[in-house]
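# Observations on chain architecture
Below are the chains, spelled out letter by letter.
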Amino acid sequence: MTLTITLAEGSLSRRIAVTLAALAAYRLGACIPLPGLNVPASLLEAGGSAPPVERISLMALGVIPLLSAVMLAEVAMMAWPKLRGWSRVPANGARLWSWLILCALLIAAFQANGIAVALEQITSGLVAEPCLAFRAGVVASLVAATAFLIWLASVITRHGIGFGMWILVAAPHALSFMKMLMAQAQMTGVAGSPAVLLSAGYIALTISVLAALTLCRPQLADTEEAAWAPLLGFTVAHWALMGALLIPWLLFSVPPDLPSSDLGITLLMLASLAFVVLLRRRSLARPGEPFAPASAVPLVLALGGLFLIGVVVPEMAALRLFPSPSTALILAAVGLMIVEGLATQRTAPAP
């Protein structure tokens, strides 16, 4: 979804400090457990293999509720291009953003209730006192945390670097990538091991390919499209896969059976990427402007190639740890967004 964003004000060092402070607050919240949990018991759960604290923390939902709401709006705009044209009007865009915030909070409440019920099912003493008060406390805490993250995203957008929502979306991917690199180095004992080099090289290749698409003239893709295409493409593929599993079960009581063919799933992912790129570009076309499907071919081929590399390389090299295509593409796209924002800020005329 395209929103009108005001450039962050202040010196570069100040904007970097604001962004880092916001990310630190996000990370700090991930270390605070939800109210009503017996944390020592959780650490002993499953013989000491309990889920990380962040999964039962105030930030357990992360920015998923906000991202889900924005994704629903983006899908609606792709299906109904007039809605995108309506949202381009600044007043309408602001109104839509308010509705998306409300939708995100409702999604957070729904997901939080599911988390609370699931936590109560654990019989090892994880929940001190399972009751309505516990569920209400979890729901209130997670909804408040979602509202706090939405505010943090706006702070980053106005006073930090880049679009706050994308920064917060990329943060967990960046953290998991760094943890993966450290785990690879510890397993091999050498920081420059082939596993580390292949993982870092895959990220570098993804950045290079997306940079070539966004920086060439004429431009073949923009940074926002480079982020939305894989995110929506993989989501559509998962929706299609779940629909194929659930519909026979609901209509004919056929037990869901996960497909055993990796090739089929890979082809579904590639088809979803192409479908999303084409549909989104069609919705972005201004009234009266012709839509040329051929213009989307370079981006589709680039994303498809990067996805295949992310699938084939760990299989061929027998790597247990390797960045997923979604992680690589999101980190690369958001990184390019930050660079683009800094370049725009540098070239913007002084007030």
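It should be noted that the structure appears before, not after, this text.
Here the structure is a predicted model, which means the values were calculated and not measured. (Residues numbered from 1 in each chain as written. Predicted model: local features only at pLDDT ≥ 70, side-chain atom pairs only at ≥ 80, totals over all residues. Heavy atoms only, no water.)

Let us look at helix α5 (residues 90-120). With 31 residues, α5 ought to run about 45 Å at 1.5 Å a step, and its terminal C-alpha atoms sit 45 Å apart, in line with that. Those residues of α5 that sit buried are Asn-92, Gly-93, Leu-96, Leu-100, Ala-104, Ile-107, Ala-108, Ala-112, Ala-116, Leu-119 and Glu-120. Each element contacted by the buried residues of α5 is listed here: α3 (64-79), α4 (81-87) and α6 (132-159). (Helix = DSSP H or I, 4+ residues; strand = E, 2+ residues; numbered from the N terminus. Expected span 1.5 Å × (residues − 1). Buried < 20%, exposed > 50% of the residue type's maximum accessible area, 1.4 Å probe, protein only. Contact = heavy atoms within 4.5 Å.)

Let us look at the packing of aromatic side chains. In the structure shown here, the tally under the stated rule is 5 aromatic pairs. An angle of 15 degrees between the planes, with centres 6.1 Å apart, marks the rings of Trp-86 and Trp-99 as stacked. Taken as a pair, Trp-86 in helix α4 and Trp-99 in helix α5 lie far apart in primary sequence, 13 residues in all. Residue class for Trp-86 comes out partly exposed when judged on its relative accessible area of 29%. Both rings, one in Phe-234 and one in Phe-307, keep their centres 5.6 Å apart while their planes meet at 40 degrees; by these two values the pair is tilted. Of this pair, Phe-234 sits in helix α9 (residues 223-252) while Phe-307 sits in helix α11 (residues 297-316), placing them 73 residues apart in sequence. No difference in accessibility class separates Phe-234 from Phe-307, as the two residues are buried. (Phe/Tyr/Trp six-rings, centres within 6.5 Å; stacked < 30°, edge-to-face > 60°.)

On to the pattern of salt bridges, then. Inspection of the entire model under this criterion finds 4 salt bridges. Notably, a salt bridge pairs Glu-74 with Arg-280, separated by 2.7 Å at the nearest N-O pair. Here Glu-74, found in helix α3, pairs with Arg-280, found in helix α10 (residues 262-284); they are 206 residues apart in sequence, far enough to count as distant. Judged by relative accessible area, which is 0%, Glu-74 ranks as buried. Put simply, Arg-135 and Glu-120 hold a salt bridge, and the shortest N to O gap is 2.9 Å. Of this pair, Arg-135 sits in helix α6 while Glu-120 sits in helix α5, placing them 15 residues apart in sequence. On the basis of relative accessibility, which here comes to 17%, the residue Glu-120 falls in the buried class. Within the structure, one salt-bridge network assembled from shared partners comprises Glu-74, Arg-84 and Arg-280. (Salt bridge = Lys/Arg side-chain N within 4 Å of Asp/Glu carboxyl O.)

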